Amino acid sequence: MKRPDERAFVRLPALAEQATTLEKCVFCPKLCRSACPVSNAEPRETLTPWGKMSMAYFMARGDVPLEKDFAATAWACTGCKACAKTCEHDNDVAGTLHKTRAELFTRGYAPEGANEVAAGFREHQASYAARTAAHQKANAKTALVVGCAYGEAETADAVAAAEALLGEPVTAISQCCGRPLRSAGDEKAFQENAAAFVRNIAPYTRVVVVDAGCAETLMRHYPVPVGGELLLQVAHRQLARLRPLPGAFELGLRFHDPCSLGRGLGVYEAPRDVLTQLAGLAPGEFMYARDRAACSGGGALLPVTMPEVAARIAETRVKEHEAEGGGTIVTACGSSLRMFRKAGAKAVDLVTLLRRSTDEPLP
Ligand code: SF4
Ligand code: SF4
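This paragraph deals with the pattern of salt bridges. Overall, the coordinates contain 22 salt bridges when judged by the stated rule. A salt bridge links Glu285 to Arg272; its shortest N-O distance comes to 2.7 Å. With Glu285 in strand β6 (residues 284-285) and Arg272 in helix α16 (residues 269-279), this residue pair connects regions lying 13 residues apart in the sequence. Glu285 sits in the partly exposed class, given a relative accessible area of 26%.

Dropping the structure here:
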């Protein structure tokens, strides 16, 4: 009998490229187990980062059959990358599980929720286009990527804040970046959408992104990263011009680091500096913050594939927020905003605070 490390990846050959990453987890004493929001909310060994990576490894090599129940573990991940921050190897669990999703999706083993997201993407796209229709400007040179997880109010706030900060008209891009397709595992459709998106923004001289998840997708996951900046960073460059918000102190602002913004893009100080300028004092912090921040539960389609677990993750964050004194959670991520509000918290997006600060012409 061949030694385990000599057996080929016969069932999911594309994962052979991830052999070292997978084996680091398979033979690890699970040092990151307390970091995973999914296995913390649903304490099952197979849902720890170790369990999910081991299952991907065993499926790839044919040690366990390709079955939907086993395959579902690849979707039991928010892509938060918290495990990598506690891992001695900085092991890319989120990226490897995404690749596993893609391999399983093409073979028909994706969970129903993921299949529905992929099949319904055209409809999703149409509803996003309708939401942004009022914010198209024929003469704009700047493309604003707001993000499909935001509602109409935050979309309007984003356009108004961007125009005030840039001092010129912007047009809201009406196409979704395709993050839901990537999370579903439909890599082919994701790549096609990415190519169309790049063509769509080509006429613009500048790309500004509002949602942290969209920014991570465009700048980290597109085959050729899109050069752009976050609206948050545009505001940060003009910190002294931002008008302090009356009453912001009373809101008791506490900043939650979106996983895509912090661990995804390495942006930690800019939102805190902007909030300090707007509120006149530094925002409150969660018990776990910056690169150790805990996920809201809203990432990588977890609210679709495991809705109860996603809700429990958000409820845990809200309890932590209340234990620290409550107030208003501030985020910079449409998915987190939804999760916190659904869990009963008072939550606001940074873009709404920026819009309020820029309601009147800036100095
Ligand atoms: S991510 Fe790192 S710490 Fe966690 S199981 Fe894998 S190798 Fe071990
Ligand atoms: S990326 Fe986040 S959700 Fe996924 S396995 Fe790691 S800690 Fe868990």
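Right, let's get into the domain arrangement of the protein. Looking at the protein, the domain boundaries give domain 1 (4-110), domain 2 (117-235) and domain 3 (240-357). Facing 27 residues of domain 2, the contacting portion of domain 3 comprises 27 residues. Our count for the domain 2 to domain 3 interface comes out at two salt bridges. If you list the elements that add at least two residues to the side of domain 2 that touches domain 3, you get α9 (152-166), α10 (179-184), α12 (212-221) and α13 (231-237). Of the residues contributing to the side of domain 2 that touches domain 3, the split by class is 18 nonpolar, three polar and six charged.

Strand order across the open sheet formed by four strands is β2-β1-β3-β4, with parallel pairing between neighbours. This sheet does not close on itself; its edge strands, each paired only once, are β2 (170-172) and β4 (229-230). One ladder, built from three bridges, connects strand β1 (residues 142-145) with β2; its direction is parallel. Counterpart to Leu144 in the pairing with β2 is Ala172. With respect to the sheet, α9 is in contact with β1, β2 and β3 (206-209), its orientation differing from that of β2 by roughly 160°.

The sheet built from four strands is open, its strands ordered β6-β5-β7-β8 with parallel pairing. A strand with exactly one partner marks an edge of an open sheet, and here the two such strands are β6 and β8 (347-349). Direction of pairing for strand β5 (residues 253-255) relative to strand β7 (residues 328-331): parallel, over a ladder of three bridges. Its bridge partner being in β7, Leu253 is matched across the sheet by Thr328. Those strands touched by α16 are β5, β6 and β7, and its axis lies near 170° from that of β5.

This part covers the packing of aromatic side chains. Scanning the model with the defined rule gives four aromatic pairs in all. Judged by centre distance (5.8 Å) and plane angle (75°), the ring pair of Phe9 and Tyr57 falls under edge-to-face. Here Phe9 is found in the segment before α1 (19-26), whereas its partner Tyr57 is found in helix α3 (residues 49-61), with 48 residues between them in sequence. Measuring from centroid to centroid gives 6.0 Å for Phe197 and Tyr222, while their planes differ by 85°, and the two rings are edge-to-face. Of this pair, Phe197 sits in helix α11 (residues 187-201) while Tyr222 sits in the loop between α12 and β4; the two residues are 25 residues apart in sequence, bridging distant segments of the chain. Overall, Phe197 belongs to the buried group, its relative accessible area being 0%. Its relative accessible area of 3% is what places Tyr222 among the buried residues. An aromatic cluster is present here, built from Phe9, Tyr57 and Phe58 joined pairwise through their rings. Directly above the aromatic system of Trp50 lies the positively charged group of Lys30, at a separation of 4.1 Å from the ring centroid.

About the thresholds
- Residues numbered from 1 in each chain as written.
- Chains lettered and ligands numbered in written order.
- Predicted model: local features only at pLDDT ≥ 70, side-chain atom pairs only at ≥ 80, totals over all residues.
- Heavy atoms only, no water.
- Salt bridge = Lys/Arg side-chain N within 4 Å of Asp/Glu carboxyl O.
- Helix = DSSP H or I, 4+ residues; strand = E, 2+ residues; numbered from the N terminus.
- Buried < 20%, exposed > 50% of the residue type's maximum accessible area, 1.4 Å probe, protein only.
- Domains from an automatic or database assignment.
- Contact = heavy atoms within 4.5 Å.
- Nonpolar A, V, L, I, M, F, W, Y, C, P; charged D, E, K, R; others polar.
- Pairing = 2+ DSSP bridges.
- Axes fitted to C-alpha atoms, helices over the stretch in contact; angles between N-to-C directions.
- Phe/Tyr/Trp six-rings, centres within 6.5 Å; stacked < 30°, edge-to-face > 60°.
- Lys NZ or Arg CZ within 6 Å of the ring centre and 35° of its normal.

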